[in-house]
Amino acid sequence: DISERKEAEEALRESRATARGLLDATQESLLLLDKEGIIIAANQTAAHRHQRKPKELIGKNRFDMLSENLRESRKAHFNNVLQTGNPEDFEDARDGMIFHHVYYPVQDKQGAIMGVAVFAQDITERKQAEEALRESEINMRTIFENSPLGMIHFDKDGTILDCNDMFVELMGSSREKLIGFNTPKQTKDEKLRDAIIKALAGETAE
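Scoring rules and cut-offs
Residues numbered from 1 in each chain as written. Predicted model: local features only at pLDDT ≥ 70, side-chain atom pairs only at ≥ 80, totals over all residues. Heavy atoms only, no water. Helix = DSSP H or I, 4+ residues; strand = E, 2+ residues; numbered from the N terminus. Buried < 20%, exposed > 50% of the residue type's maximum accessible area, 1.4 Å probe, protein only. Contact = heavy atoms within 4.5 Å. Areas by Shrake-Rupley, 256 points an atom, 1.4 Å probe, with all protein chains shown as cover. pLDDT = per-residue confidence, 0-100. Core = buried A, V, L, I, M, F, W, Y, C linked by side-chain atoms within 4.5 Å. 1 Å grid on protein atoms, 1.4 Å probe; cavity = no way out; pocket = protein on both sides within 12 Å on 5 of 7 lines; lining within 4 Å. Points joined across faces, edges and corners; volume = space filled by probe spheres on them. Pairing = 2+ DSSP bridges. Axes fitted to C-alpha atoms, helices over the stretch in contact; angles between N-to-C directions. Salt bridge = Lys/Arg side-chain N within 4 Å of Asp/Glu carboxyl O.

(A) Examining the overall build of the chain more closely. Summing up its helical and strand segments, the chain has 9 helices and 7 strands in all. Taken over 206 residues, the chain has a buried fraction of 27%. Counted over contacts in the chain with a minimum sequence separation of 6, partners at least 24 positions apart contribute 30%. A total accessible area of about 13900 Å² is found for the chain, and carbon and sulfur atoms account for 51% of it.

Structure (structure tokens):
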């Protein structure tokens, strides 16, 4: 009677199929490395980034597939995980792409580290967006500071949060005194007060 053996084999196949489905469902690259850095499992995303099929990555040394500068830095993170048992979280770039990596220790039943799980996410677009936002903020700040017009930044109640040098000059005051000043309630300048009130109401000042 080999019923139990067959049931165990079927359960193992189903377990492997489930694991493969989970691996391939994520958009992150997933690799499982042994203690020597040999790839023992890979998902579709990881294979696609290397222009190969998952089975073509199995048995290859992960670090031999990298350029020299990346090989040394990533292997250092890999070795740290093996030595300390703590995850490593870092970013680096390859072929014009920026990746966020997390290296996790993989333990056997006795708790000994038997390998490292590697997660890599392409964050190039996010980094480019962040850089574009920083540049935009710098440009806006430059315009704000150097404008020949008096400019202020106020909150929804009309309290001044920031102002440029020209506005300070026009008010004949100081930046310290103007920051925190509630214009609609405190100013004696009717024209300025009316302009702020219209701006708060979403109207265009004349």
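(B) Seen up close, the confidence of the model for the chain. Here the chain averages 85 in pLDDT, and 85% of its residues register 70 or above. By mean pLDDT, helix α1 (residues 3–25) is the weakest element of the chain at 59, and helix α4 (residues 68–84) is the strongest at 93.

(C) Expanded view of the nonpolar core. With 16 residues, the main nonpolar core has L31, L33 and Y103 as its most contacted residues. For this core, the secondary-structure elements that each account for two or more residues are β1 (29–34), β2 (39–42), α2 (44–49), α4 and β5 (113–122). Per-element tally for this core: the top contributor is α4, with 3 residues. Once residues lying within four places of it in the same chain are set aside, the contact partners of L31 are I39, A41, A42, A46, L57, R62, V116, A117 and V118. One finds I160, V168, L178 and I196 within the second-largest nonpolar core, a separate group that totals 7 residues.

(D) Spatial organisation of empty space enclosed by the protein. Counting across every chain of the model gives 1 cavity of 30 Å³ or more. In this structure, the largest cavity encloses a volume near 110 Å³. For the largest cavity, the lining is made up of 13 residues, of which S29, R62, R74, R94 and A120 are closest to its centre. Top contributing element to the lining of the largest cavity by residue count: strand β4 (residues 97–107), with 3 residues.

(E) View of the sheet that holds β5. The 5 strands lie next to each other as β2-β1-β5-β4-β3, forming an open sheet whose pairing is antiparallel. The open sheet has two edge strands with one neighbour each: β2 and β3 (88–94). Taken pair by pair, the neighbouring strands of this sheet meet at an average axis angle of 25°, ignoring direction. Both β1 and β5 contribute to a ladder of 6 bridges, which runs antiparallel. Looking at β5, one finds that L31 is bridged to V118. Against the sheet, α4 touches β1, β3, β4 and β5, its axis set at about 170° to β3.

(F) Up close: unusual backbone geometry. For Q51, which is not glycine, the phi torsion reads 55° and is therefore positive. Among the structural elements, Q51 can be located in the loop between α2 and α3 (54–57). Despite not being glycine, D95 shows a phi value in the positive range, around 55°. Tracing the backbone shows D95 in the loop between β3 and β4.

(G) Quick peek at the environment of E88. Here E88 is to be found in strand β3. Take E88: its relative accessible area is 18%, and that puts it in the buried class. For the pair E88 and Y104, spaced 16 residues apart in sequence, the C-alpha separation works out to 6.9 Å. When neighbours within four sequence positions are excluded, E88 is seen to be in contact with H77, N80, V81, H101, V102 and Y103.

(H) View of the pattern of salt bridges. Counted according to the given criterion, the structure contains 11 salt bridges. Its salt-bridge partner being E91, residue K127 comes within 3.2 Å of it at the nearest N-O pair. On the criterion of sequence distance, the pair formed by K127 in helix α5 (residues 124–146) and E91 in strand β3 is long-range, its members being 36 residues apart. The exposure class of E91 is partly exposed, given its relative accessible area of 41%. Across the pair E130 and K127 runs a salt bridge whose closest N-O atoms are separated by 3.9 Å. Of this pair, E130 and K127 both sit in helix α5, 3 residues apart, roughly one helical turn. What makes K127 partly exposed here is its relative accessible area of 23%.

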